[in-house]
Amino acid sequence: MPPRIDNATVRHIANLARISLTDEQAARCGEQLSRILDAFNQLSQIDTSGVEPTAHPLDAHSVLREDVPVSPPGAEAILANAPRAEAGCFALPKVLEQGAA
Amino acid sequence: MPPAAAHDSHNAFIETWPEAEQSAATGPLAGWRVAVKDNICTRRGRTTCGSRMLENYRSPYDAHVVERLAAAGAVIAGKTNLDEFGMGSTSENSAFGPTRNPWDTQRVAGGSSGGSAAAVAARLVRAALGSDTGGSVRFPAAMCGVTGLKPTYGRVSRYGLVAYGSSFDCIGVLATSAADAAEMLYAIAGHDPRDATCVDQPVPDYMAMLHKRPGRLRIGVPREYFAAGLDADVKIAVEAALEVFRAAGANVVEIAMPLTDASVAAYYLIVAAEASSNLARFDGVHFGHRTASPRDYMDVYSASRSEGLGEEVKLRILLGTFALSSGYYDAWYRKAQQVRTLIRRDYLRAFEQCDVLAGPTAPFAAPLLGNLRADPLAMYLGDVYTVGANLAGIPAISIPCGFTAGGLPIGLQLQGPHFAEAQLLCAAHAYQQATDWHQRCP
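**Student:** Can you walk me through the overall build of chain B in this structure?
**Tutor:** Helix and strand content of chain B: 13 helices and 13 strands. On C-alpha atoms alone, chain B measures out to a radius of gyration of 20 Å, which is about the 22 Å that the 2.2 N^0.38 rule sets for 442 residues. Dimensions of chain B, computed from the C-alpha atoms along their principal axes, are close to 70 × 60 × 45 Å. Relative to its 442 residues, chain B shows a buried fraction of 65%. A separation threshold of at least 6 residues defines the contact pool for chain B, and within that pool the share at least 24 residues apart is 75%. Split by element, the accessible area of chain B, about 14,200 Å² in all, is 51% carbon and sulfur. Averaging the coordinates of the 39 positive side-chain charges in chain B and doing the same for the 42 negative ones gives two points 2 Å apart.

Shown next as structure tokens:
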């Protein structure tokens, strides 16, 4: 049963995704998501009892390498793309409040 | 061959690089001018992924494939336009304008590797790299009348490819022939310890194998590929191509791939979920766009992402976030992964009876600019023939096989078992020896 993608749901998902939307964008996204999920709901008709989900297209296994240090790009190269850098760190606004979210 | 910048009337390139810095080239690709899709990291120039989020991003490292191209003596002419972060089928979802189809500039070049496809079609470069997550090398290849190869997942290192759907992403090759695609693949394929999903298997000599006559090729044609939505001109051209294979001695049989329609839904749910995770790194903190006046810490994330990411990207992140969210995870994401298992099994079963599967690459030829982009769902459904190969991790190639009545290119897609690139290239090459569609230029 396809879910209702109402405004509250869009707002909730957008918050999880850390994306802010205008009212108009939220309404448009809600409509598009509803249409898409309606169409994709066809999957619920497929019998998947006892079928393992595929997480990876190949037989995945942990890959190890020798415990030998490799040289990454230096801090300067990394900080070169920082929106704001100070004293060799990434600068950000302070977290203003601790406590319950 | 003309310098890229002067002749790029289709907006194939985001950035072109003057030739001055190229050293005396030696190697198998010496003398080759090639292009690299702008979601592949290069230390030179920018790597924008077609996004405002990375408009000024300069990668501190080269992708593995970029190192390999340089080692082979190729000259990189620049970075090509794409749908933002690989998300799209038309190359209209770019922050730097759409790429126009060289065959008809009122039409799209296909996507997401539209810039690479257009650059090859317009003969601005000999070959190009693209990425294929749900068809993004093959679909624009079909739209632009060039050859586009998606290798087996894990055949080519993804180190330096900006991730979209990590269990689907493949770096692929666009060229004017299977023979050239074989040369490019040979240069870039192989093990790379920096990509944990890259397989450690020897790379065959694709060029030597092109000329092998493998005996009677068994070609499976899924009946579901010829359902109601297929454009009549495309159907005619693909059927004519199958006749060419029959005349050359192939055994062409109809098979069933019953989950063809469902593959679009399974693909988009999983890839959107993976994208929502992969694109979480674009948060305005360490690199990329940051909003000018964040109100607080949280606003750094939300406003930066809202300003930096395009509409389609946001839509897919929301779709993926939804599919993974509490209460919906089992019914949507996990369900899609189970269907993926069934689709993979269908392919394995098909390859017990067939050497390759054949059909159209796309249900239609290049649409007019603005048409497909207006309806995301319609755009997703255009990937009906291509997403299967990404779901199963198998290789596939699109080759030109004719034109519509209006003069637009049509692509034939061949799909093969895991690591059967040599077989696909051989079959494509044989077809290109018997026909000349691939030699036509806009």
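**Student:** Explanation requested: the sheet that holds strand β6 (residues 127-132) of chain B in the structure shown.
**Tutor:** Strands pair in a sheet through their backbones, by hydrogen bonds, and they do so in one of two ways: parallel or antiparallel. Residues and elements named next belong to chain B. In spatial order, the strands read β1-β3-β2-β6-β8-β7-β12-β13-β11-β9-β10; together these 11 strands make up an open sheet with mixed pairing. Every other strand in the sheet has two partners, leaving β1 (13-16) and β10 (251-255) as the edge strands with one partner each. When the angles between neighbouring strand axes are averaged without regard to direction, this sheet yields 30°. Most of the contacts of helix α1 (residues 64-71) go to strand β2 (residues 33-37), to which it runs at about 175°, and overall it touches β2, β3 (75-80), β6 and β8 (170-175). Where helix α13 (residues 421-434) meets the sheet, it contacts β7 (147-150), β11 (356-360), β12 (396-403) and β13 (409-415), and its direction lies at approximately 15° from that of β12.

**Student:** Just checking my understanding: could you explain the interface of chain A and chain B for this structure?
**Tutor:** One frequent convention defines the size of an interface as the accessible area lost when the parts assemble. The interface is formed by 51 residues belonging to chain A together with 63 residues belonging to chain B. Of the roughly 5,000 Å² buried at the junction of chain A and chain B (both faces included), carbon and sulfur atoms supply 70%. The tally of links from chain A across to chain B stands at 2 salt bridges. Its salt-bridge partner being Glu311 of chain B, residue Arg28 of chain A comes within 3.3 Å of it at the nearest N-O pair. In this structure, the connection of chain A to chain B is made through 16 residue pairs in polar contact (both at pLDDT 80 or more). Among the elements of the structure, α1 (7-16), α2 (23-40) and α3 (75-79) of chain A are those that each provide at least two residues to the side of chain A that touches chain B.

**Student:** What am I meant to see in the packing of aromatic side chains here?
**Tutor:** How two aromatic rings sit relative to each other is given by the distance of their centres and the angle of their planes. Applying the stated rule across the entire model yields 18 aromatic pairs over all chains. Ring centres 6.5 Å apart and planes at 25° place the aromatic pair Phe40 of chain A and Tyr268 of chain B in the stacked group. Separated into two different chains, Phe40 of chain A in helix α2 and Tyr268 of chain B in helix α7 (residues 260-278) make up a pair that spans both. Phe40 of chain A sits in the buried class, given a relative accessible area of 2%. Ring geometry for Phe85 of chain B and Phe282 of chain B: centres 4.7 Å apart, planes at 40°, overall tilted. Residue Phe85 of chain B is found in the loop between β3 and β4 (100-101), and its partner Phe282 of chain B is found in the loop between α7 and α8 (297-308); the two are separated by 197 residues along the sequence. Across the pair, Phe282 of chain B and Phe85 of chain B agree in class, each one buried. Between Arg126 of chain B and the ring centre of Trp32 of chain B, over which it is positioned, the NZ or CZ distance is 3.8 Å.

Definitions and limits used
Residues numbered from 1 in each chain as written. Chains lettered and ligands numbered in written order. Predicted model: local features only at pLDDT ≥ 70, side-chain atom pairs only at ≥ 80, totals over all residues. Heavy atoms only, no water. Helix = DSSP H or I, 4+ residues; strand = E, 2+ residues; numbered from the N terminus. Rg over C-alpha atoms; globule rule 2.2 N^0.38 Å. Buried < 20%, exposed > 50% of the residue type's maximum accessible area, 1.4 Å probe, protein only. Contact = heavy atoms within 4.5 Å. Areas by Shrake-Rupley, 256 points an atom, 1.4 Å probe, with all protein chains shown as cover. Lys, Arg positive; Asp, Glu negative; His and termini not counted. Charge placed at Lys NZ, Arg CZ, Asp CG, Glu CD. Pairing = 2+ DSSP bridges. Axes fitted to C-alpha atoms, helices over the stretch in contact; angles between N-to-C directions. Buried area = accessible area lost by both parts, 1.4 Å probe. Salt bridge = Lys/Arg side-chain N within 4 Å of Asp/Glu carboxyl O. Polar contact = N/O pair within 3.5 Å; in protein donor to acceptor, adjacent residues only side chain to side chain. Phe/Tyr/Trp six-rings, centres within 6.5 Å; stacked < 30°, edge-to-face > 60°. Lys NZ or Arg CZ within 6 Å of the ring centre and 35° of its normal.

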